[in-house]
Amino acid sequence: METVPIDNNPENQGSGSFQKKGPGLSTRNVQLMPAMNMPGLSCAPEDTRLLAAYEKPGYDLCGYVDHFVETDAGPVPVIRPDLDKRDRLSTIAVRCGIRRHRYLVSPGLYGIGSPDKNSEVLVTANFKLTFDHLRSAVGGVSAWILVLDTKGVNVWCAAGKGTFSTRELVKRIKEDSLEKVVTHKRVVVPQLGATGVSARQVKEQSGFRVVYGPVRAKDIPAFLKNGRKADRSMRQVTFSLSERFLLTPVELNMALKQAGIAALVLLVLSGIGPGVFSFHRVWEKGLVALAALAMGLISGAVLTPVLLPFIPSRKFAFKGILMGSVCILLLLPVIFSGIGSMAGAASLCLFSVMVSSHLAMNFTGATPFTSPSGVEKEMKQYLPVQVTGVLLAAGLWIYSAF
Amino acid sequence: MKDFRYLEDVATLVLDVQKCIGCGLCTEVCPHAVFEMDQNKARIVDFNACMECGACVTNCPVGAVSVNPGVG
C-alpha cells in the first residue's frame, strides 16, 4: 500500500488557485476558508459581486441588468437578451390588463451584447413590455438602447400622444451624453415613432441623424445587416390573427367594467313586474339576461376582433351587429325556455346585439389601420343606433313582465 | 395589410406636390405604403389606406403633407 505525502497531493497541486499559504493548512478534502483569499469563491456568485460596485443605498438592481460597462459618459447597464420567469408572468398579466399602466423601466441609456463606440443606438419607449420585446427580439446584436420617458406607453401610442417626441429624444441624447458613448452621429428610431419625431429637428437640435428602423423589433438584425435599409415588408404594419388575439384579453377586461354596471341594471330591471319588486323574478329572468349580456361581450370584445377580416362590412359597429346576431341565435333556445314571452326574448336579443356592436366599434381604437376621421364618421352613425337599441330593449324588457 | 381596409374617402391627407422636394422620407415612415416616389416627387398611391397617423406630416422637411383629423 502506497501512502501519499500531503505536500505531494496531486489534487492540491492541480488546482493552482487553491494554493494554500503554508504547509499543513489543508488536507486532501479540506480547504480552510478559501474565500478569504479568492473573491471568486465567496458565498455570492461572481456576477453579483461585479455588480456590487454599482449598488447604491435605497436602490434595487433590476433583474434584467447583466453587468455594467464603463464608457466615457460613465457606467451603463448592459441588459440580458433573455426574459426570466418573472418577466414572462408579468407579460401575461399586462396582456390581460393587470397593472398595464404601471409597467415601466427607468428611461436612459442601456447596452445589449458587447456594445462599443461604433455600435448602433436603438431608441425605444419605457413601457416594460416594449423594452422586454426589444431586448429579446434583437438576439445576438450588440447595441446601445436609448429608452425615452414615454410614461410607460408603447412607441406608437406614445408617438401619437406626444411623449415619444423630438423633444424627449433630444433631451435623452444630451442628458446621457451620447456623443461620448459613440463616435458616430446616428440613432435608429423605430418607424412607428415617426409620428412623434421629426428627423430634421432632431438633427438640428442634437447633431444626431435619425435613421428610421423597421416597424417590428425582430427585423432589426436583418435591417442592420442590410446596411440600415428596411425592405417594403419591414415598413408595413400587420394585424395577424395572433396579433388580434393577443389584444382581446385587454378588450374584455376594459369591457367588464362597464358590463358590471350593466349587469346590475339588468338584474334590477328583471325584478320589475306585476305587484312588488320580486327577487324570484330577478333570479329567474335575471340569469338569462346576464347570459345574453355575456354573449354580447364575447361577440364584441373577442370574436369580432379575432375574426375581423372574415366578417363582412368595413364598419366595425356593423361587424359587431352581424357577429352579435349569430351569437345570440345560438343562445335563442335558452332565452325562449327561460323567458317565454316574445317581447322578452326580442328585448334580450336586441340588447346583446347592441352590446356587441358597441364593443366592436370600440375595437377601432386598438387596430393599426383605422383613421380617426373614419372612426368619427362611424360613431356619428352608429352611436345613436346603439343608444336607441338599448333603450328599446329596456322598454321591451319591462313591458314583457306585465 | 391589403386585407384590412377601413372606410373609403374619409382621410384628410393632402399632398402638395409643388412643395415636394423628393426626399422620400414619407415613403419611409408611412406604415401603410400610401406614398411612392415618381420622378423625384412623392405621389399618393393608396389614399384609402391612410390612417392619419401623421408620421409623414411630422417628418416632411418642407411641410408638403397635411393631415387634419377632427378628433384624436
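Anything mentioned here points back to the structure above.
Quantities reported herein were computed from a predicted structural model and do not represent experimental measurements.

1. Considerations on the overall build of chain A
Part 1: Counting its regular elements, chain A contains 15 helices and seven strands.
Part 2: Burial statistics for chain A: of 402 residues in total, 36% are counted as buried.
Part 3: Put simply, 65% of the contacts in chain A that link residues at least 6 apart link residues at least 24 apart.

2. Notes on the packing of helix H12 (residues 279–306) of chain A against helix H13 (residues 316–339) of chain A
All names here are of chain A.
Part 1: Contact geometry for H12 and H13: axes closest at 9 Å, N-to-C directions at 160°. It follows from the interaxial angle that H12 and H13 lie roughly antiparallel. By crossing handedness, the relation of H12 to H13 is classed as right-handed. Here H12 contributes Lys285, Val288, Ala291, Ala292, Met295, Gly296, Ile298, Ser299, Gly300, Leu303 and Thr304 to the contact with H13, which in turn contributes Lys319, Gly320, Met323, Gly324, Cys327, Ile328, Leu331, Val334, Ile335, Gly338 and Ile339.
Part 2: Tallied by class, the residues present in the contact of H12 with H13 amount to 13 nonpolar, seven polar and two charged.

3. As for unusual backbone geometry
Note on backbone geometry: most residues besides glycine have negative phi, and most peptide bonds are trans.
Residue and element names in this part refer to chain A.
Part 1: In this structure, Arg99 takes a positive phi of about 55° despite not being glycine.
Part 2: In this structure, Arg99 sits in the loop between helix H3 (85–95) and strand S3 (108–112).
Part 3: What makes Arg99 exposed here is the crowd of 12 C-beta atoms within 10 Å.
Part 4: Phi is positive for Lys151, close to 60°, though the residue is something other than glycine.
Part 5: For Lys151, the position within the fold is in the loop between strand S5 (143–148) and helix H5 (155–161).
Part 6: Residue classification places Lys151 among the partly exposed positions, given that 15 C-beta atoms sit within 10 Å.

4. Digging into the packing of H13(A) against helix H14 (residues 342–362) of chain A
The relative placement of two packed helices is expressed as an angle between their axes plus a distance between the axes.
Residue and element names in this part refer to chain A.
Part 1: It is the contact of H13 with H14, at a shortest axis distance of 7 Å, that shows an interaxial angle of 150°. Taken together, the axis directions place H13 and H14 in an arrangement best described as roughly antiparallel. Helix-helix and strand crossings are classified by hand; for H13 and H14 the assignment is right-handed.
Part 2: Its residues assigned to classes, the contact of H13 with H14 shows 16 nonpolar, seven polar and one charged.

Parameters at a glance
Residues numbered from 1 in each chain as written. Chains lettered and ligands numbered in written order. Predicted model: local features only at pLDDT ≥ 70, side-chain atom pairs only at ≥ 80, totals over all residues. Helix = DSSP H or I, 4+ residues; strand = E, 2+ residues; numbered from the N terminus. Buried ≥ 20, exposed ≤ 12 C-beta atoms within 10 Å, placed from the backbone. Contact = placed C-beta atoms within 7 Å. Axes fitted to C-alpha atoms, helices over the stretch in contact; angles between N-to-C directions. Parallel < 35°, antiparallel > 145°, perpendicular 65-115°, else oblique. Left-handed = near helix turned anticlockwise from the far one by under 90°. Nonpolar A, V, L, I, M, F, W, Y, C, P; charged D, E, K, R; others polar.

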